[in-house]
Amino acid sequence: MSGLDDVIAADTSLSEVDGLNGRLVICGRTLDDLAGRVSYEELLELLLSGLLDQPAEHIRAALGAARVRAFAELAHLDDGLLALSITGGLRALMARLPDDETAETALLLAAAPAVFVPALVRRKAGRSAIAPLAAYGYAEDMLAMLTGMAPTRAATLALDTYLVTVSDHGLNASTFAARVVASTRAGYASAVLAALGALKGPLHGGAPGPVLDMLDSVGTPDDAGRWLTAELAGGRRLMGFGHRIYRVRDPRADALKAALRRLGDAGGLDAERLALAEAVEREALALLRQKKPDRPLETNVEFFTALLLEALGFPRDAFTGVFAAGRIGGWLAHAHEQIANGRLIRPQSRYVGPKAA
Ligand code: ACO
């Protein structure tokens, strides 16, 4: 009851999560048909078709121009903002953007994390931010702004695959938060900021950093079983496993594992790291099956997200911000859908407190 597990709170034509069969459909296409096959701009064309009504090449150019506009906001990136976490800094910079319900604002919001996250990473490390190149694609430019170099095709494909894979996922906590705020007609920026707050929690989009902490603590493949057993015995959860909806493997985990393998084939991945992760996954699944034989706990999207984003050069405190860059497409699409079709979201609570005299 308290997790609203079986409550249907919206009709949507954006995505369908089939938890029993491990299938994700976004705008009528399966994840298998999208991940690694379309760019993030093409995915945004699908998700935001009602809002933007422009073909992908126009969206690509408009997002490029919006990244240049977002870069100008970095003039406000002072020491106070740099003292925040990367997610905190992203939230503060996003809060400076216009807050209305126009397509122009939606594009600016969608472009902003691609600029702000790399800039925050670099500035927090004492380096200068790198200006966007409007002619680049979203993923390519995000990587270029992170590293200062033109990314390889393999790296760009891997980030595109990631952004597409996480772009929308039914009524997850952050998307629900976006829809609630959009339903008040507060504006797209307010909806996205609420979503970002929800995303940052470790039970949602804050898990991939802790996945790497777990791999570091495990150390070697041979130590995986012993370390994970001790974690479970201590009553702690294994990060990157379990899901509210999926009762089988999260299809996004497979899409990202395939992207990792492709990156590995192109020489962009540390083979030892992948071997350690695969050992941890194997042991964790076996232990979780023993611990909860009646509650399937499988690998979720965050497990391979951690490895992929690490291989692409993002530090672990930036992972939630990169997740936001992908999920912002879904947030904006849901906000638009809520505004177009929905009413003010205002559920009821049941009073269980003391009776008044
Ligand atoms: N490790 C160990 N035990 C677990 C795990 C886990 N990762 N996940 C669930 N369980 C156990 C719970 O302790 C609980 O046991 P209990 O009944 O003895 O108390 C049982 O399985 C059911 O757990 P719930 O909390 O009911 O599962 P819920 O659907 O609420 O949680 C969640 C889903 C939050 C993802 C959970 O599996 C979890 O905490 N996973 C680890 C964090 C994580 O990977 N988060 C990323 C999620 S993906 C995303 O949001 C993008």
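Just so it is clear, the structure is predicted and the values come from calculations on it, not from any experiment. (Residues numbered from 1 in each chain as written. Predicted model: local features only at pLDDT ≥ 70, side-chain atom pairs only at ≥ 80, totals over all residues. Heavy atoms only, no water.)

Novice: Teacher, can you tell me more about the site of the ligand here?
Specialist: Lining the immediate environment of the ligand, one finds 22 residues, of which Arg-237, Leu-238, Phe-241, Arg-244 and Lys-292 sit closest. Within the contact set of the ligand, an oxygen atom lies 2.9 Å away from a backbone nitrogen or oxygen of Gly-240. At 3.3 Å from a nitrogen atom of the ligand is found a side-chain nitrogen or oxygen belonging to Lys-291. Protein coverage of the free-state accessible area of the ligand, which is 920 Å², stands at 76%. Counting only elements with at least two residues in the shell around the ligand, the list comes to helix 15 (271-291) and helix 16 (301-311). When grouped by side-chain class, the residues that make up the shell around the ligand number 11 nonpolar, five polar and six charged. (Near = heavy atom within 4 Å. Polar contact = N/O pair within 3.5 Å; in protein donor to acceptor, adjacent residues only side chain to side chain. Areas by Shrake-Rupley, 256 points an atom, 1.4 Å probe, with all protein chains shown as cover. Helix = DSSP H or I, 4+ residues; strand = E, 2+ residues; numbered from the N terminus. Nonpolar A, V, L, I, M, F, W, Y, C, P; charged D, E, K, R; others polar.)

Novice: Explain the environment of Leu-274 here, please?
Specialist: By the secondary structure assignment, Leu-274 is in helix 15. Leu-274 sits 30 residues away from Phe-304 along the chain, and the two C-alpha atoms are 9.6 Å apart. The residues touching Leu-274, leaving out its near neighbours within four places in the chain, are Leu-260 and Leu-269. (Contact = heavy atoms within 4.5 Å.)

Novice: Hey, could you run me through the side chain of His-334 in this one?
Specialist: Looking at where His-334 falls in the secondary structure, it is placed in helix 17 (residues 319-341). Residue classification places His-334 among the buried positions, given a relative accessible area of 0%. Apart from residues no more than four positions distant in its own chain, His-334 is found in contact with Thr-12, Leu-14, Asp-168, Gly-170, Thr-175 and Arg-179. (Buried < 20%, exposed > 50% of the residue type's maximum accessible area, 1.4 Å probe, protein only.)

Novice: Looking at this structure, how should I read the packing of aromatic side chains?
Specialist: Where two aromatic rings form a pair, the distance of their centres and the angle of their planes describe that pair. The full count for this structure, using the stated rule, is three aromatic pairs. Seen in terms of ring centroids, Phe-303 and Phe-304 are 5.1 Å apart; in terms of plane orientation they differ by 90°. Their pairing is edge-to-face. Given the relative accessible area of 0%, Phe-303 is considered buried. With a relative accessible area of 0%, Phe-304 lands in the buried category. These aromatic residues form a ring-pair network of at least three members: Phe-241, Phe-303 and Phe-304. (Phe/Tyr/Trp six-rings, centres within 6.5 Å; stacked < 30°, edge-to-face > 60°.)

Novice: What is the right way to read the nonpolar core from this model?
Specialist: Soluble globular proteins tend to bury their nonpolar side chains together. Core analysis: the largest hydrophobic core is formed by 112 residues, its most contacted members being Phe-116, Leu-159, Tyr-162, Leu-312 and Phe-314. A total of 14 residues in this core trace back to one element, the largest contributor, which is helix 7 (residues 103-124). Summarising the domain contributions, this core has at least three residues from each of domain 1 (14-202 + 317-341) and domain 2 (208-311). Beyond its immediate sequence surroundings of up to four residues, Tyr-162 is in contact with Leu-256, Thr-305, Leu-308, Leu-309, Val-322 and Phe-323. (Core = buried A, V, L, I, M, F, W, Y, C linked by side-chain atoms within 4.5 Å. Domains from an automatic or database assignment.)

Novice: How should unusual backbone geometry be read in this particular structure?
Specialist: Where the residue is not glycine, phi is negative for most of them; where a peptide bond is considered, it is trans in most cases. The backbone of Leu-4 sits at a positive phi, close to 55°, despite the residue not being glycine. Structurally, Leu-4 is set in the segment before strand 1 (15-18).

Novice: Can you help me understand helix 2 (residues 40-47) in this one?
Specialist: Given 3.6 residues per helical turn, the α-helix brings residues three or four places apart onto the same face. Listing the buried residues of helix 2 in full gives Tyr-40, Glu-41, Leu-43, Leu-44 and Leu-47. One side of helix 2 holds all its buried residues, which, seen down the axis, span an arc of 155°. (Arc of directions from axis to C-beta.)

Novice: What is the right way to read the pattern of salt bridges from this model?
Specialist: One side chain can pair with another of opposite charge once the charged atoms of both are near each other. All chains considered together, the criterion is met by 19 salt bridges. One salt bridge connects Asp-5 with Arg-244, and the closest N-O pair in it is separated by 3.2 Å. Here Asp-5, found in the segment before strand 1, pairs with Arg-244, found in the loop between helix 13 (224-233) and helix 14 (251-265); they are 239 residues apart in sequence, far enough to count as distant. Residue Asp-5 is classed as partly exposed on the basis of its relative accessible area of 46%. Asp-141 serves as the salt-bridge partner of Arg-67, at 2.7 Å between the closest nitrogen and oxygen. (Salt bridge = Lys/Arg side-chain N within 4 Å of Asp/Glu carboxyl O.)

Novice: It is not clear to me how the domain arrangement of the protein chain should be interpreted in this structure. Could you clarify?
Specialist: As assigned here, the protein chain comprises domain 1 (14-202 + 317-341) and domain 2 (208-311). Between domain 1 and domain 2, the C-alpha centre-to-centre distance is 25 Å. The interface is formed by 26 residues belonging to domain 1 together with 25 residues belonging to domain 2. When the two sides are added together, the surface that domain 1 and domain 2 hide from each other amounts to roughly 1800 Å², 78% of it contributed by carbon and sulfur. Inspection of the region where domain 1 meets domain 2 yields zero salt bridges. Linking domain 1 with domain 2 are three residue pairs in polar contact (both at pLDDT 80 or more). Looking at the side of domain 1 that touches domain 2, the elements with two or more residues in it are strand 1, strand 2 (23-26), helix 9 (153-165) and helix 17. (Buried area = accessible area lost by both parts, 1.4 Å probe.)

Novice: Mind showing me how you'd approach the sheet that holds strand 2 here?
Specialist: Strands in a sheet are paired, the pairing made by backbone hydrogen bonds, and the direction either parallel or antiparallel. Judged by pairing direction, the sheet is antiparallel, and its three strands sit side by side in the order 1-2-3 without closing on themselves. Lying at the two open borders of the sheet, with one neighbouring strand each, are strand 1 and strand 3 (29-30). Here four bridges tie strand 1 to strand 2, and the two strands are oriented antiparallel to one another. Pairing of Ser-15 across the sheet is with Ile-26, part of strand 2. (Pairing = 2+ DSSP bridges.)

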